[in-house]
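Residue-level structural notes
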Amino acid sequence: PMGVPNTFLERNSVQLEELIGDGLFGIVYRGSYTDRRTHRRMPVAVKVCKDDGETGDLELANKFLLEEAYTMQQFRHPHVIRLMGICTGPHPGKADDSSSDDSRHSPKHPNNNNNNVMHPLAASVWIVMELAPLGELRTYLQRERAIINLEVQLLFAKQIASATAYLHSNGFVHRDIAARNCLVTSPRCLKLSDFGMSKMLAEEEVYTSSSGKLPIKWMAPESLNYRRFTAQSDVYSLGVCIWEILMHGIKPWQGIRNHEVIKKIEAGETLARPPDCPLALYDMLRAMWVIDENFRMTAAEAMHFLEHLLDELLSGKPA
Ligand code: ATP
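Conventions we followed
- Residues numbered from 1 in each chain as written.
- Predicted model: local features only at pLDDT ≥ 70, side-chain atom pairs only at ≥ 80, totals over all residues.
- Helix = DSSP H or I, 4+ residues; strand = E, 2+ residues; numbered from the N terminus.
- Expected span 1.5 Å × (residues − 1).
- Buried ≥ 20, exposed ≤ 12 C-beta atoms within 10 Å, placed from the backbone.
- UniProt positions renumbered as here; feature names shortened; annotations may be inferred.
- Contact = placed C-beta atoms within 7 Å.
- Near = placed C-beta within 6 Å.
- Nonpolar A, V, L, I, M, F, W, Y, C, P; charged D, E, K, R; others polar.
- Core = buried A, V, L, I, M, F, W, Y, C linked by C-beta atoms within 7 Å.
- Pairing = 2+ DSSP bridges.

1. Some words on helix H4 (residues 150-169)
For H4, with 20 residues, the first-to-last C-alpha span of 28 Å sits near the 28 Å given by 1.5 Å per residue. With 15 of 20 residues buried, H4 is to be regarded as a mostly interior element. Of the residues trailing H4, glycine 171 is marked for its positive phi of about 80°.

See the structure below:
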């Protein structure tokens, strides 16, 4: 059942510092959270609604953010971005929120909290989450190319596979697994984020995008054909995500139009083997891209296989 996250944080315990991300529906700030009791400060990422969002409907945007927070709240996994809490309602210093209309059109710049004024972003729910200091995976892979070897690639792949297996074991499908939704917290640690599209398995499987923007190049054949999103279709996307990791952040099917990609997938074509990708690893990717979802590898199997490849690599045996 849909509910409201139970971890409420006061807005004035959260300081917004710098804009670090701009998504379709939300914008993300780097900031810090100060625990009232312990006075401990910790770095956080804060997601707020875009006030020029697609619909311009702030209430709806807030509802989506709350749903995302509710989903995130249920997860505790070393490779899933952790929700710390949410801020709702007007800034505590303001008695009435009759001025909230102004704040809808307020600038996107963070303001230092001041007890006598409404915070300019207070009309939006804030999702306060663990900060990934090294940012987006794709940029990281491109920037740090020199230190990203097969060992790091296998490690990253294993971590995202384990996050996916964890979601599946809890009855969730992510529906948008892709390198663009992976964040780097340290040189050897990756975390899955962006739960805006994820759903309980029991919920309606047929999905229609509000924006019409579906991640076609990451989608399994049954998602393309019937908009079916399941644990198995997540595995297909996970395979594409691992391919992106092996390609140092290059997106799949570069320069090929969506409808051409759909034709290729229907004809049984798959993404090519990345240079230097061991055959055993490429065989695993192909097992994740099997057309019939019932014969596709599972996320847990992928995780174990990646662990095995990593062990072999570290012990000097050929993969
Ligand atoms: P879209 O719908 O386009 O995928 P979105 O509105 O759901 O985007 P996110 O993808 O969640 O927003 O976040 C936008 C960007 O903000 C990310 O690509 C990333 O650069 C940054 N970001 C998000 N969460 C964090 C975090 N926890 N730590 C560091 N950076 C983050």
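2. Considerations on the environment of phenylalanine 25
Tracing the backbone through its elements, the reader meets phenylalanine 25 in the loop between strand E1 (14-22) and strand E2 (26-34). Between the alpha carbons of phenylalanine 25 and phenylalanine 64 there is a distance of 8.9 Å; along the sequence they are 39 residues apart.

3. Overview of the UniProt feature "binding site: ATP" (unreviewed entry) in the protein chain
What UniProt calls "binding site: ATP" (unreviewed entry) maps, in this numbering, to Lys47. Tracing the sequence through the fold places lysine 47 in strand E3 (residues 41-49). Every residue in contact with lysine 47, bar those within four places of it in the chain, is listed here: Gly26, Val28, Leu65 and Ile127.

4. Comments concerning helix H1 (residues 58-73)
For H1, spanning 16 residues, the distance from its first C-alpha to its last is 22 Å, which sits close to the expected 22 Å at 1.5 Å a residue. Among the residues of H1, Ala61, Leu65, Glu68, Ala69, Thr71, Met72 and Gln73 are the ones counted as buried. Structurally, H1 contributes buried residues whose contacts are with E2, E3, strand E4 (83-87) and strand E5 (126-130).

5. Quick word on the site of the ligand
With respect to spatial proximity, 19 residues lie near the ligand, and among them Gly21, Gly23, Leu24, Val28 and Ala45 are the closest. Among the secondary structure elements, those contributing two or more residues to the shell around the ligand are E1, E2 and E5. Residue composition of the shell around the ligand, by class: ten nonpolar, six polar and three charged.

6. Observations regarding the nonpolar core
Val46, Ile127, Val128, Ile160, Leu238, Cys241 and Ala302 are the most contacted members of the largest nonpolar core, which totals 80 residues. In terms of residue count, helix H6 (residues 231-246) provides more of this core than any other element does, ten residues in total. Those residues in contact with alanine 302, other than ones at most four positions away along the chain, are Ala161, Val235, Leu238, Met284, Met288 and Met297.

7. Topic: the pairing of E4
The element E4 is extensively covered by neighbouring structure, given that four of its five residues are classed as buried. Here four bridges tie E4 to E5, and the two strands are oriented antiparallel to one another. Bridging from a neighbouring strand, cysteine 87 pairs with tryptophan 126 of E5.

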